[in-house]
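# Structural description and commentary
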Amino acid sequence: MKIGTMEFDRPVMLAPMAGVTDLPYRLICKEMGCDYMVTEMVSAKAVLYNNKNTDILLQTLPEEAPSALQLFGSDPEIMADIALRLEPLGFAAFDINMGCPVPKIVNNGEGSSLMKNPSLAGKIVDTMVKKITKPVTVKFRKGFDEEHVNAVEFAHIMEESGAAAVTVHGRTREQFYSGKADWDIIAAVKDKVKIPVFGNGDIFSSEDALKMFHYTGCDGIAVGRGAKGNPWLFREIKAAIHGDVIPARPSLTEIKDMIKKHATLMTEYKPEYMVVREMRKHVSWYTTGLHNCAALRDEVNHTETLQELFSLLDKRMIDK
């Protein structure tokens, strides 16, 4: 499959997740075998008005390539102008968020709200495609709610408007992340369009990934929540795709070392006090299912420095 000049063979993508897929974590997932990254979503209007909070979201390094910058907004001209302004950055593509279910985004006519206005969504894609040279892709959902399931028609409009690929999350906006993802809708989209289709939803293991490929016929998969605190999932999925032996799950020491590596990488881009606070949620994800994980998380939430955090991990996370 091709997206612009990029060529892939059954690629595994790190799906965009606010507060998760920042540059440090993308670098970690790349090391673990992820083929393609997408940034946290960036507001086109925030860039337009020079909001300094977006600067950190726009950081990229050659080591993570290829990656896409995800923009969200509802004004076609602003979206296109901002894409043109940001095109010199090192991202290989622009992804448009048309799937975010968060109320403040939806109530502003952005994110998954655009699924209720396919003509506007198509105009956004068309305007961006005509203004920039890098490929434009779109991430959206099954539909806004069960009474308005329109992913197939929506995907066709995206293709006709010039999108180079689409990612389909098999849940409606109304579901948020509850219930089970509908893989049938992903298969239906794949059957309808000729551009590459990434399947997204309920991929938590290498077995899930293979099932997604086989069931939907999708060209690639996008791993979202399954990657939280679990970058090893990418090496497991790649091994499964290639028919290799699936690597063993990480030991306590490996998990601890990865947490430390993650935190250390973050200090290159954020002040220590911010890193310590952000790592609290990451440690919670990294340690899910471990013995006494609740007690460990409680202690982690009381650390104030990286030295305190690392000392606590050394004390609590010991292989037996």
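Residues numbered from 1 in each chain as written. Predicted model: local features only at pLDDT ≥ 70, side-chain atom pairs only at ≥ 80, totals over all residues. Heavy atoms only, no water.

- Under the annotation held in an unreviewed UniProt entry, the chain carries the name tRNA-dihydrouridine synthase and is attributed to Eshraghiella crossota DSM 2876.
- UniProt, in the comment section headed Cofactor (unreviewed entry), describes the chain in these words: "FMN". (UniProt positions renumbered as here; feature names shortened; annotations may be inferred.)

## Topic: the packing of helix 3 (residues 76-86) against helix 5 (residues 118-131)
- At a minimum axis distance of 8 Å, the contact between helix 3 and helix 5 shows a crossing angle of 30°. In terms of their interaxial angle, helix 3 and helix 5 are classed as roughly parallel. For the crossing formed where helix 3 meets helix 5, the hand is right-handed. Of helix 5, the residues touching helix 3 (which contributes Pro 76, Glu 77, Met 79, Ala 80, Asp 81, Ala 83 and Leu 84) are Leu 120, Lys 123, Ile 124, Thr 127, Met 128 and Lys 131.
- Counted by class, the contact of helix 3 with helix 5 contains 8 nonpolar, 1 polar and 4 charged residues. (Axes fitted to C-alpha atoms, helices over the stretch in contact; angles between N-to-C directions. Helix = DSSP H or I, 4+ residues; strand = E, 2+ residues; numbered from the N terminus. Parallel < 35°, antiparallel > 145°, perpendicular 65-115°, else oblique. Left-handed = near helix turned anticlockwise from the far one by under 90°. Contact = heavy atoms within 4.5 Å. Nonpolar A, V, L, I, M, F, W, Y, C, P; charged D, E, K, R; others polar.)

## A look at the nonpolar core
- Membership of the largest hydrophobic core comes to 87 residues, with the highest contact counts inside it found for Met 98, Met 128, Phe 140, Met 158 and Ile 221.
- There are two domains that each give this core at least three residues, and those are domain 1 (2-242) and domain 2 (252-316).
- Apart from residues lying up to four places away in sequence, Ile 221 is in contact with Pro 11, Val 12, Met 13, Phe 198, Gly 199, Ile 203, Ala 209, Met 212, Phe 213 and Ile 237. (Core = buried A, V, L, I, M, F, W, Y, C linked by side-chain atoms within 4.5 Å. Buried < 20%, exposed > 50% of the residue type's maximum accessible area, 1.4 Å probe, protein only. Domains from an automatic or database assignment.)

## Focus: the UniProt feature "domain: DUS-like FMN-binding" (unreviewed entry) in the chain
- As annotated by UniProt and renumbered to match this structure, "domain: DUS-like FMN-binding" (unreviewed entry) occupies residues 13-314.
- Counting secondary structure, residues 13-314 comes out at 43% helix and 14% strand; the distance between its end C-alpha atoms is 32 Å.

## Focus: the domain arrangement of the chain
- You can read the domains of the chain as domain 1 (2-242) and domain 2 (252-316).
- Across the boundary between the two partners, domain 1 contributes 18 residues, which contact 14 residues of domain 2.
- Buried area between domain 1 and domain 2, both sides added, is near 1,400 Å², and the carbon and sulfur share of it is 69%.
- When residues of domain 1 are sorted by the area they lose upon contact with domain 2, Pro 24, Ile 28 and Trp 232 head the list and together hold 33% of the total.
- Counting every contact that joins domain 1 to domain 2 gives 2 salt bridges.
- Residue Glu 31 is joined to Lys 261 by a salt bridge in which the shortest nitrogen-to-oxygen separation is 2.5 Å.
- Across the domain 1-domain 2 interface, the total number found is 3 residue pairs in polar contact (both at pLDDT 80 or more).
- Going through the elements one at a time, helix 1 (23-31) and helix 9 (232-241) are the ones with two or more residues in the side of domain 1 that touches domain 2.
- In terms of residue count, the dominant contributor to the side of domain 1 that touches domain 2 is helix 1 (6 residues).
- Class assignment for the residues of the side of domain 1 that touches domain 2 results in 11 nonpolar, 3 polar and 4 charged. (Buried area = accessible area lost by both parts, 1.4 Å probe. Salt bridge = Lys/Arg side-chain N within 4 Å of Asp/Glu carboxyl O. Polar contact = N/O pair within 3.5 Å; in protein donor to acceptor, adjacent residues only side chain to side chain.)

## Things to note about the side chain of Arg 26
- Tracing the backbone shows Arg 26 in helix 1.
- A distance of 2.5 Å separates polar atoms of two side chains, one belonging to Arg 26 and the other to Glu 64.
- Ignoring sequence-local partners within four residues, the contact set of Arg 26 consists of Leu 14, Thr 21, Met 37, Val 38, Thr 39, Gln 59, Thr 60, Glu 64 and Phe 91.

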